[in-house]
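These are the residues of each chain, in order.
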Amino acid sequence: MHKELSSFAARLCGAIQARDAALRRPVSAARGPCQDLEFDSFALELFALQFQHNTAYRKICEARNNTPETIEHWTQIPAVPTAAFKELELTCWAPPERTVIFHSSGTTEQKPSRHFHNAESLAVYAASLWPWFEQNVLSDLRFTIYDLRLLCLTPPPEQARHSSLVQMFETVRQKLGAPETAFVGQIASDGSWTLDFDALLAALNSSRVTRHPSLLLGTAFSFVHLLDYLAENNLRVHLPPGSCVMETGGYKNRSRSMPKAELHALISERLGVPGENIICEYGMNELSSQAYAVTSDKWQVARDAVSSCHLSPVTCHFHFPPWTRVQIVSPETGREVADGETGLIRVYDLANVFSVMAVQTEDLGVRRENGFELMGRARMAELRGCSLMSAQIANRKL
Amino acid sequence: MNLPNYFLVDLPREATLSPVMLAEACQTLKRNRERYLAGRSTERIVNVLSDVAEAWLRPDNTFRKLALELGPAETGFSIPTLKRGLDDFFRQITRDNLHALLVQELGAPRRLDAMTATDLEQKTSRAAVAMGPEFLVHIAAGNIPNPAFMGIVLGLLVRSAQFVKCANGSAFLPRLFAHSLYEADSKLGACLELAQWRGGNTDLENVLFAEADCITATGSDETLASIRSRLPARTRFLGYGHRVSFGFVAKEVLSHSGGPRIASRVTDDVVAWNQLGCLSPHVIYVQPGGEVSPERFAELLADELERREQTEPRGELPAPHAATIATRRGIYEVRAAHSPETLMWHSKESTAWTVIFEADARFQTSCLNRFVYVKPVKDLTELLQNAEVVRGKVSTVGVAAPEHQAEELALPLARWGVTRVCPLGQMQNPPLTWRHDGRPALGDLVTWTDLEKGF
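Calculation notes
- Residues numbered from 1 in each chain as written.
- Chains lettered and ligands numbered in written order.
- Predicted model: local features only at pLDDT ≥ 70, side-chain atom pairs only at ≥ 80, totals over all residues.
- Helix = DSSP H or I, 4+ residues; strand = E, 2+ residues; numbered from the N terminus.
- Buried ≥ 20, exposed ≤ 12 C-beta atoms within 10 Å, placed from the backbone.
- Expected span 1.5 Å × (residues − 1).
- Arc of directions from axis to C-beta.
- Contact = placed C-beta atoms within 7 Å.
- Pairing = 2+ DSSP bridges.
- Axes fitted to C-alpha atoms, helices over the stretch in contact; angles between N-to-C directions.
- Core = buried A, V, L, I, M, F, W, Y, C linked by C-beta atoms within 7 Å.

A. Representation of the overall build of chain A within the structure. Within chain A, the secondary structure is distributed over twelve helices and 15 strands. The 398 residues of chain A split such that 46% are buried.

Structural data, given as C-alpha cells:
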C-alpha cells in the first residue's frame, strides 16, 4: 500500500548516508548536501505522496486550495500546526501499522500530541538522527567514542515507550554500543521523571576515576534536578576532559526554571564540563530530525563572558540538518521574516516521511543567517472543543 | 515625554527605587494629606475631578494630546482606540455622576464632610459620617488604565493619601492623569504618588504594605493571593481578581436589519481597549431561530470587525502576542477543514481580528486582542450550563434582547453569579456608579461613625 512512501524513505536514507562524509565538514560549510534543487525535488515528491496517503493532511491542504498540482516549490507546501497532532491522526500508516506512538511530554495537557511510528519510520528516524548528532555532539570530542561513558538522564525506553526523546537517546545508546544501564532516570509514582541519584553519582565518579569522558544527555529540567541534588549535598564532580553535555527542552514546570546562561554556568561549576562542551538541542515529538546549537557561537559567547566578567546570555544558534529547511515566519503575515527578526519556527523535515513533512511549531525564534535562535513558546491555552480524532468524526468526515 | 518631576514614575528609567525612597514618599503623602486633603470639602474635590475630566475631553488638552501622540508606542493601542477609551472614561466623570455615586454609596452627598442624616435616619434620630483610609495603596494590573484611573478618583473622593503601583511598563496613561490632576490642583496632586516596578519586588512592596491602611489590587488570582498573604491583619484588602465576560443575543432581535446593528454593538465591545479589559466579551452566545442564524451573525461580526479595522485599527502587537493568535488560528483552521461545526473569519495579512464560530457551546477563553467566539445556545439555561467552567469568574454579560426579556434574564444571571448585566455595546463602558465585581465602589473604602441622638 505504501510502496511509494517506502521507496521514498529508502532513497532519502540513501541520500543521507551517501552524503555522510560531506556532513562531517565544518558546520558553517554545510549548506548542503541537500542543495536547494535536490531538496525541492524531494520535498515536492513527498508532499504529493503525503497528500495522497495522509487523509487528515489532505483535508487541510484542500481547505487551503493546495494540491500537488498547485504547489511549485517547497516553500508553498502547507504546514500543519503542531497542535493538530493532538486532534488528528496525521499519519500515512493504517491503524494496524502504528506500532509505536510518541506523545508530547507536557504534563498539563489534556490531550497529548501523537506521532505514529513503526519499525520502518523509526529506521528513517534513526537514519536522520545519527549523522547530525554525531557531527554536532561528538565531532569535537577528543577521544574515540568507544571510550565514552554515556549517561541518559531519562527513564529507560521500557518505562517511557511514548517519549520521542527517550527513543532518541536509545538510538544513540545503541549506536555507541553503551550498556542499558546508561539510563539513570526513572518514573516516580506520580508519573513524573526523576533521577536515580545513587546510580548517577556512581557512574559519574567511576568516569572520574577511570578517566573516561562522560557524555550526559538530558532535558534542562533533569539537569536542574541533578544540579540541585549536588548543591544540596555540597558535591562537585570534575568529569574528565572531553566530557560533554547535551541539554534539551524547556522546564514544563517539572523543576524551577533558570536562564540558559545560569544552567550552563552551574553545569560547568558542578560537573566540570566547560561551556564549549555543552550543546543545546531542539527537537520535538512531531519531527524526526533535530537541531543543535552551533559550537562556534558558544565560543564567542564564552569569550564575551570572560571579557565582561559576568554571565552573558547564552546565544544558541540552532541548525537543522540539510534534509530539512527552517523558516521563521511572521505571525502577522505568515511570510518569512528578515534576518534578526522574530517569528514562529516552521520546519520542513523530509525525515517525517510517513506523517507530515511541513510542521508549524508554536515556538518563537529569531532568524539568524541559516539558523535560528530560540526565544520561547507562544502562549497556548488548551482549546476546548471536539477532538477530531474521535471515531465518530473520523468516520463521518474523513 | 517632557513632564515635570512630580512623581516617582517621572524618574529616569535607569533610576532604581529603594525601600528608603518609598518609605519617605509614604510619609510625605500622609503629611500632605493632613495639610491639603483631609479638611477639603467633597464639593471642592468633585469640582477638581469634573474640571480635569472635562479638560481631557478637549482636543487641545496637553495631556490628551500627549496620550494620543505617544500612546500608540507606549501602550500598543491605536489613536482611535485610545481616543474612544479615554473619552468613554472621562465623559463619566461629571459633577452629576459623582453626586449620584456619593448618594448611591453613602446615602447622602455630604456624608464624607459631616455628620449627615438621610430622611430615614432623621426619623430614628440617627446620623453618620463616613471616612476614607488615611493611606490607600493601589496595585494596578497592566492591561488597561481604567482600574488605576478609577482607583485615583475614588481615593480622592474619600480623601486618602494614595500610592498607585503600576505594573511594569503600564504607567503611561495613569501618569498623564496624575499630572493633569497635579496641574489642576498641585496640593491635591501632592497627595498622590505613582511608581512602577515588576510585581513581586518584596523589598519595595513590604514598605507599602506596612504603611497602607487599605490596599486595592487588580490582577491574577495568584497575584492577589500573594499580596493578601503579605499584609498585616489590620490592613483592609480589596482584591479584584481575574474576570471574564460574554454576550448573549436573543433570536427575537436577530432580524435582517437587526443582525448587522447588533454585530456593530458587539464590535464596539470587542475593539474597546482591544478586548483586554475584564468586561470585554470572550464569547458571544447567539440563539438560533431568528432571521439571522448564529453562523450568519458570526459572519456579520467579521464584516463589521473588518470595517472597524479601517477606522479604529487594533495597532501592532509584540511578536509573542501575535504568535499566540496565529497559533490559535492554526488549530481552528485545521478544525474547520475537518468539520462544518467550526468556521473561521480573520483579517488578511495580519492578526488584527478573528471570529471563530463553534457549534460546541462550551465557554472558551479568548486570547483577546480582538479574537472573539460565536457559539449557538438554545436558551439561557443551556448557556449557563456551558459557562459553568467560569462560574464565579464572570463580570459582565452583554445582552441584546427585547427589553422585557433582557430584564427577565438579569435575575437568573444574578443568581448564577454574574455581577453586571448591560446592553451589548456598553460592556467595556460601565457607568461611574458601577459596582466593581459586585462590590460597593466607595462603600468598601470607608469606615463609618454612627451617631445616635437623644442624649
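Moving on from the model shown.
B. Examining helix α2 (residues 42-56) of chain B more closely. All names here are of chain B. Compared with the 21 Å implied by 1.5 Å per residue over 15 residues, the 21 Å span of α2 between its first and last C-alpha is a close match. Within α2 the residues assigned to the buried category are Thr42, Ile45, Val46, Leu49, Val52, Ala53 and Trp56. Looking straight down α2, one finds that the buried residues subtend no more than 135 degrees of arc, so they occupy a single side. Against α3 (62-75), α4 (79-92), α5 (95-106), α7 (146-157) and α8 (172-184) lie the buried residues of α2.

C. Region of the structure containing helix α12 (residues 258-271) of chain B. Residue and element names in this part refer to chain B. Compared with the 20 Å implied by 1.5 Å per residue over 14 residues, the 20 Å span of α12 between its first and last C-alpha is a close match. Listed in full, the buried residues belonging to α12 are Gly259, Ile262, Ala263, Val266, Thr267, Asp268, Asp269, Val270 and Val271. Buried positions along α12 lie against α4, β7 (244-249), β8 (281-286), α13 (294-311), β11 (371-376) and β12 (394-400). Looking one or two residues past α12, Trp273 carries a phi angle of roughly 45 degrees, positive in sign.

D. How the structure looks around the sheet that holds β11(B). Residue and element names in this part refer to chain B. The mixed open sheet is built from seven strands, whose spatial order is β9-β10-β11-β8-β7-β12-β13. Each edge of the sheet is formed by a strand with only one pairing partner; in this case those strands are β9 (342-346) and β13 (420-423). Shown here is a sheet whose adjacent strand axes are inclined to one another by a mean of 20 degrees, direction ignored. Against the sheet, α13 touches β7, β8, β9, β10 (354-358) and β11, its axis set at about 175 degrees to β10.

E. Region of interest: the sheet that holds strand β3 (residues 161-167) of chain B. Residues and elements named next belong to chain B. Read across the sheet, five strands follow the order β4-β3-β2-β5-β6 without closing on themselves; strand pairing throughout is parallel. The sheet is open, and its two edges are formed by β4 (192-197) and β6 (236-240), each paired on a single side. For this sheet, the mean angle separating the axes of adjacent strands, direction not counted, is 15 degrees. Note that strand β5 (residues 214-218) and β6 share five bridges and pair parallel. What sits directly across from Thr218, in β6, is Tyr240.

F. Structural context of the environment of Pro174(B). All names here are of chain B. Along the chain, Pro174 turns up in helix α8. Residues Pro174 and Ala195, spaced 21 residues apart in sequence, show a C-alpha to C-alpha distance of 10.0 Å. Not counting residues within four places of it along the chain, the set of residues in contact with Pro174 comprises Ala140, Pro145, Ala148, Phe149, Val164, Cys166 and Leu194.

G. Broad picture of the nonpolar core. Counting residues in each nonpolar core, the largest one holds 171 residues, and the members touching the most others are Ala43(A), Val249(B), Phe297(B) and Leu301(B). If we ignore the near neighbours within four places in the chain, the residues touching Leu301(B) are Ala263(B), Val266(B), Thr267(B), Val355(B) and Val374(B). Membership of the second largest hydrophobic core comes to 72 residues, among which are Leu49(B), Leu66(B), Val207(B) and Leu442(B).

Spatial relationships are all this shows, so hold off on functional conclusions.
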